Amino acid sequence: MSETNALTVRNLFKVFGDRPQDAIELYRSGKDKNQIFAETGMMLGVSDASFEVKEGEIFVVMGLSGSGKSTLVRMLNRLIAPSAGEIIVKDADIAKMSEKELMEFRRKHVSMVFQSFALLPHLTVLQNAAFGLELSGVDVPTREKRANAALEQVGLAPYGSSYPNELSGGMQQRVGLARALANDPSILLMDEAFSALDPLIRSEMQDELLELQAEHRRTIVFISHDLDEAMRIGDRIAIMEGGRVVQVGTPDEILNNPADDYVRSFFRGVDVTNIITAGDIAAKKQVTVYERDDNLRVALKRVTEADREFAYVVDARQQFHGVVSVASLEAALRRENASMQTAFLPNIEPLKAGATIGSIITPVAAAPCGLPVVDAGGRYLGVVSRSRLLQALDRAEAAHD
């Protein structure tokens, strides 16, 4: 995830009524949305929202029904016109664009996936995936090539000639996602995109989104009312209440430092051991060494000087290869033609970064060493030791209480 902002929202308002500036002034004078509605009959859908979305992150906006989250996301591509404020993408303010500028901006920079699949039943899967490109005037060979590539990304390449009614609900939502990806947007907006799916398919779609994100870091604004979903997929989360953005932070920051009782209430009754992941708690405090056949003595020296028992072997691209110990390195050095691989401890399976801490208790407890954590591409992220896991479980129990 980059530190560069892909999207900046400043003091954004949406007022449903004929005198929006009057309502905004009343809000700025200290009156809440209910008081403003009672006095004016106007409703504040979004009130003075400000936040930044980083390039390559999944930014989840969540809240209860009526909190303003869907109104907010529709303002980000001006499906709903803002009443006041700024929406900055590529140094341009979407709120101030003409219709012509807005159409060009949407073609180049933003795509949206809705809760309803919104597929055209008379078009094939390939034609549905290419539909946005067709509207943009892209020629047939180019749009079919891009649509096929998008279907390949979501695992639907063999279904290009099928029709939507021949697909399951999860597969239909994949087509909707492929249609958005085919445009290759700078920002992907997803409004309750998985809410209409049954729990099992919904979980599969969340996995699919995370796998796609591991391969191609896209900037995604994801709307959800589901805490488990937000905590599972979000790099950062914005929590909304009554049109206001109450708190923005990483799942861990919000879990441990809720801004108020409203935010705290989201976590009551939630088993956070199914939310915090191995990637969240992995620590890079262990010794790492490079895998080279001539590196056994160097590895042994590094481990003993660090007063550690184990070292984690990676290559120049930080791909994880194995775990060695003082004893296994000494034993390897006594052999002829020894290599680093001959010193690897057997049966050490790395943990996936997305594995929840509830699911890794048994393997961590049974392992002779802290278990390495890797991302979807096998890149070493750190180690979860027994003590590290116990600390996380204690913290989770405190948050649960």
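Residues numbered from 1 in each chain as written. Predicted model: local features only at pLDDT ≥ 70, side-chain atom pairs only at ≥ 80, totals over all residues. Heavy atoms only, no water.

The next thing to look at is the packing of helix α14 (residues 296–305) against helix α15 (residues 326–333). It is the contact of α14 with α15, at a shortest axis distance of 10 Å, that shows an interaxial angle of 150°. On the basis of their axis angle, the class for α14 and α15 is roughly antiparallel. The two elements α14 and α15 cross, and the hand of that crossing is left-handed. Where α14 approaches α15, its residues Leu296, Arg297, Ala299, Leu300, Val303 and Thr304 are matched on the opposing element by Val326, Leu329, Glu330, Ala332 and Leu333. Here the residues of the contact of α14 with α15 sort into eight nonpolar, one polar and two charged. (Axes fitted to C-alpha atoms, helices over the stretch in contact; angles between N-to-C directions. Helix = DSSP H or I, 4+ residues; strand = E, 2+ residues; numbered from the N terminus. Parallel < 35°, antiparallel > 145°, perpendicular 65-115°, else oblique. Left-handed = near helix turned anticlockwise from the far one by under 90°. Contact = heavy atoms within 4.5 Å. Nonpolar A, V, L, I, M, F, W, Y, C, P; charged D, E, K, R; others polar.)

All right, on to the nonpolar core then. In terms of nonpolar packing, the biggest core is built from 74 residues, with Leu177, Met190, Phe222, Ile360 and Val384 touching the most fellow members. Looking at this core element by element, the count peaks at seven residues for helix α8 (residues 169–182). In this structure, this core is formed jointly by two domains, domain 1 (55–86 + 96–267) and domain 2 (288–396), each of which donates at least three residues. For Phe222, the residues in contact, after removing those within four places along its chain, are Ile58, Phe59, Val60, Val61, Met190, Ala193, Phe194, Leu209, Glu229 and Ile233. Counting residues in hydrophobic clusters, the runner-up holds 28 residues, among them Val9, Met75, Ala238 and Met240. (Core = buried A, V, L, I, M, F, W, Y, C linked by side-chain atoms within 4.5 Å. Buried < 20%, exposed > 50% of the residue type's maximum accessible area, 1.4 Å probe, protein only. Domains from an automatic or database assignment.)

Look at α8: 20 Å from first C-alpha to last across 14 residues, which is about the 20 Å you get at 1.5 Å a residue. For α8, a buried count of 13 out of 14 residues is recorded, marking the element as mostly surrounded by other parts of the structure. Remark: Asp184 follows α8 within two positions and exhibits a positive phi of approximately 50°. (Expected span 1.5 Å × (residues − 1).)

You can read the domains of the protein chain as domain 1 (55–86 + 96–267) and domain 2 (288–396). Each of domain 1 and domain 2 has a C-alpha centre, and the two are 37 Å apart.

For the rest of this paragraph, the subject is the pattern of salt bridges. Tallied over the full model, the rule gives 15 salt bridges. The partner of Glu99 in a salt bridge is Arg78, with the nearest N and O atoms 3.6 Å apart. Highlighted residues: Glu99 in helix α4 (residues 99–109) and Arg78 in the loop between α3 (69–75) and β4 (84–89), separated in sequence by 21 residues. Classification of Glu99 as exposed rests on a relative accessible area of 52%. By relative accessible area, which is 14% here, Arg78 ends up buried. (Salt bridge = Lys/Arg side-chain N within 4 Å of Asp/Glu carboxyl O.)

Those residues of α14 lying buried are Leu296, Ala299, Leu300 and Val303. An end-on view of α14 places all buried positions within 100° of arc, on one side of the element. For α14, the exposed residues lying more than 90 degrees away from the buried face are Arg297 and Glu305. Residues of α14 that are buried make contact with β11 (287–290), β12 (310–314) and α15. Phi for Asp307, located one or two positions after α14, is positive at around 55°. (Arc of directions from axis to C-beta.)

Moving on: unusual backbone geometry. One non-glycine residue, Asp48, adopts positive backbone phi at about 55°. Exposure remark for Asp48: the relative accessible area of 32% places this residue in the partly exposed category. Positioned with a positive phi, Gln318 is a non-glycine residue whose angle comes to about 65°. Along the chain, the position of Gln318 falls in the loop between β12 and β13 (320–325).

Turning to the packing of aromatic side chains, a few remarks are in order. Overall, the coordinates contain three aromatic pairs when judged by the stated rule. Ring centres of Phe13 and Tyr27 lie 5.6 Å apart, and the angle between their planes is 80°; on these two criteria the pair is classed as edge-to-face. Here the residue Phe13 occupies a position in strand β1 (residues 5–16), and Tyr27 occupies one in helix α1 (residues 20–28), the gap between them amounting to 14 residues. Its relative accessible area of 0% is what places Phe13 among the buried residues. Considering the side-chain rings of Tyr312 and Tyr380, the 6.2 Å spacing of their centres and the 25° angle between planes classify their relative orientation as stacked. One end of the pair, Tyr312, is in strand β12; the other, Tyr380, is in strand β16 (residues 380–384), with 68 residues separating them in the sequence. Of the two residues, Tyr312 and Tyr380, both sit in the buried class. Above the face of the Phe16 ring, Lys14 is positioned so that its terminal group lies 5.4 Å from the ring centre. (Phe/Tyr/Trp six-rings, centres within 6.5 Å; stacked < 30°, edge-to-face > 60°. Lys NZ or Arg CZ within 6 Å of the ring centre and 35° of its normal.)

Taking strand neighbours across the sheet as the criterion, the three strands line up as β14-β15-β16 in an open arrangement whose pairing is mixed. A single partner strand is all that each edge strand has here, and the edge strands are β14 (351–352) and β16. Pairing analysis gives four bridges linking strand β15 (residues 371–374) to β16, with the strands arranged antiparallel. If you follow Pro372 over to β16, its bridge partner there is Val383. (Pairing = 2+ DSSP bridges.)

With that settled, the discussion passes to the sheet that holds β13. Read across the open sheet, the three strands follow the order β11-β12-β13; overall the sheet is mixed. Looking at strand neighbours, the two that pair on one side only are β11 and β13, the edges of this open sheet. Shown here is a sheet whose adjacent strand axes are inclined to one another by a mean of 30°, direction ignored. Two strands pair when backbone bridges link them, and β12 and β13 are joined in this way by five bridges, in the antiparallel orientation. Directly across from Val313, in β13, lies its bridge partner Gly322.

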